[in-house]
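The chain contents come next:
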Amino acid sequence: MRLLIVEDERRLARSLALGLGAEGYAVDVAHDGTEGLHRATEGGYDLIVLDIMLPGMNGYRVCAALRAAGDDTPILMLTAKDGEYDEAEGLDTGADDYLTKPFSYVVLRARVKALLRRRATGAPPVRELGALRLDTGARRVRLAGEEIPLTAKEYAVLEHLVLRAGQVVSKADILEHVWDFAYSGDPNIVEVYVSTLRRKLGAGLIRTVRGAGYLLERP
């Protein structure tokens, strides 16, 4: 599952990203509200951890903008503020839960898992592109009605391309979203996974745009 952390305290953001990454999540980080909103609107996140006191655009405005756009991604708000009014304001803008700093990482992890479980009880969205059918809840892929077995990373790469269908997606973008920002291995790993997806799903599904990235075209 993919999480977005929007937090301007860089040490805290990195600590949370490393901790949640160790739990098996792919984690992206933004350090101001404007960047956080931009990343969130790209879609594909399972949960957003959102600080309230952010430069550029505060967490209340980010949350309100996402909800106004119809984005129902679970949002866990973080703040150094304390008091019923602040919590009520956060929840009124559409946040799903609220955690006041300082907090225990164990508590944050439990809140994240609870929000993800709550979301999983809803009907999972199914993405269809021509003969390709992606069930993002069950993480299953069908091509022309036939189920195609994929590894977790193969599925994550394909899902990211499907979510950005019709757009050129750079290798760096895939690395950041699938392997998370802390990945320091060989960037050519993306080419390996794209090659495997082509072998399993057909060579013509994912097109290489020389010098730019990969394109999964809409039918």
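Computed from a predicted structure; not experimentally measured. (Residues numbered from 1 in each chain as written. Predicted model: local features only at pLDDT ≥ 70, side-chain atom pairs only at ≥ 80, totals over all residues. Heavy atoms only, no water.)

**Examining the overall build of the protein**
Piece 1. Along the protein, the regular secondary structure elements total eight helices and 12 strands.
Piece 2. Looking at the protein residue by residue over its 219 residues, the buried ones come to 43%.
Piece 3. Long-range pairs, those at least 24 residues apart, make up 55% of the contacts in the protein between residues at least 6 apart in sequence. (Helix = DSSP H or I, 4+ residues; strand = E, 2+ residues; numbered from the N terminus. Buried < 20%, exposed > 50% of the residue type's maximum accessible area, 1.4 Å probe, protein only. Contact = heavy atoms within 4.5 Å.)

**Quick look at the pattern of salt bridges**
Piece 1. With the rule as written, the count across this model stands at 16 salt bridges.
Piece 2. With a closest N to O distance of 3.4 Å, Asp-28 and Arg-2 form a salt bridge. Note that Asp-28 is positioned in strand β2 (residues 26–30) and Arg-2 in strand β1 (residues 2–6), a separation of 26 residues in sequence.
Piece 3. By relative accessible area, which is 1% here, Asp-28 ends up buried.
Piece 4. In this structure, Lys-200 and Glu-154 form a salt bridge, with 2.8 Å as the shortest nitrogen-oxygen distance. Within this pair, whereas Lys-200 is found in helix α8 (residues 189–201), its partner Glu-154 is found in helix α6 (residues 152–163), the two being separated by 46 residues in sequence. (Salt bridge = Lys/Arg side-chain N within 4 Å of Asp/Glu carboxyl O.)

**A short note on the packing of aromatic side chains**
Piece 1. The full count for this structure, using the stated rule, is zero aromatic pairs.
Piece 2. Against the face of Tyr-45 rests Arg-2, its NZ or CZ located 4.3 Å from the ring centre. (Phe/Tyr/Trp six-rings, centres within 6.5 Å; stacked < 30°, edge-to-face > 60°. Lys NZ or Arg CZ within 6 Å of the ring centre and 35° of its normal.)

**Remarks on unusual backbone geometry**
Piece 1. Geometrically, the link from Lys-101 to Pro-102 is a cis peptide bond, its omega value of -10° lying close to zero.
Piece 2. Relative to the elements of secondary structure, Pro-102 occurs in the loop between β5 (97–100) and α5 (105–120).
Piece 3. The backbone of Ala-144 shows a phi angle near 55°, a positive value even though the residue is not glycine.
Piece 4. Note on placement: Ala-144 falls in the loop between β8 (140–143) and β9 (146–147).
Piece 5. Assessed through its relative accessible area of 67%, Ala-144 is described here as exposed.

**Things to note about the UniProt feature "modified residue: 4-aspartylphosphate" (unreviewed entry) in the protein**
Piece 1. According to UniProt, the positions carrying the feature "modified residue: 4-aspartylphosphate" (unreviewed entry) are Asp-51.
Piece 2. Note that Asp-51 resides in strand β3 (residues 47–51).
Piece 3. If sequence neighbours within four positions are ignored, Asp-51 has contacts with Val-6, Glu-7, Asp-8, Gly-59, Leu-78, Thr-79 and Lys-101. (UniProt positions renumbered as here; feature names shortened; annotations may be inferred.)

**A closer look at the sheet that holds strand β12 (residues 213–216)**
Piece 1. Strands sit in the order β10-β12-β11 across an open sheet of three strands; the sheet is antiparallel. If you trace the sheet from one side to the other, it starts and ends with β10 (168–169) and β11 (206–209), each paired once.
Piece 2. The pairing of β10 with β12 spans two bridges and is antiparallel. Bridge assignment links Val-169 to a residue of β12, and that residue is Tyr-214.
Piece 3. In the packing of α8 onto the sheet, contacts are made with β11 and β12, and the angle to β11 comes to roughly 145°. (Pairing = 2+ DSSP bridges. Axes fitted to C-alpha atoms, helices over the stretch in contact; angles between N-to-C directions.)

**So, the pairing of strand β7 (residues 132–135)**
Piece 1. As judged from the four bridges shared by strand β6 (residues 126–129) and β7, these two strands associate in the antiparallel manner. The residue bridging Glu-128 from the neighbouring strand is Arg-133, located in β7.
Piece 2. Connecting β6 to the antiparallel partner β7 that follows it, the hairpin turn spans two residues, and Gly-130 within it adopts a positive phi of roughly 60°.
Piece 3. For β7 and β8, the ladder comprises four bridges, and the chain directions are antiparallel. In the sheet register, Asp-135 faces β8, and the bridge partner there is Arg-140.

**Focus on the confidence of the model for the protein**
Piece 1. Mean pLDDT for the protein: 84, with 87% of residues reaching 70 or above.
Piece 2. Mean pLDDT in the protein bottoms out at helix α4 (residues 84–92), which sits at 56, and peaks at β3, which reaches 95. (pLDDT = per-residue confidence, 0-100.)

**Digging into the sheet that holds β7**
Backbone hydrogen bonds hold the strands of a sheet together, and the pairing may be parallel or antiparallel.
Piece 1. The strand order β6-β7-β8-β9 describes an open sheet built from four strands, whose pairing is antiparallel. The sheet is open, and its two borders are formed by β6 and β9, each paired with just one other strand.

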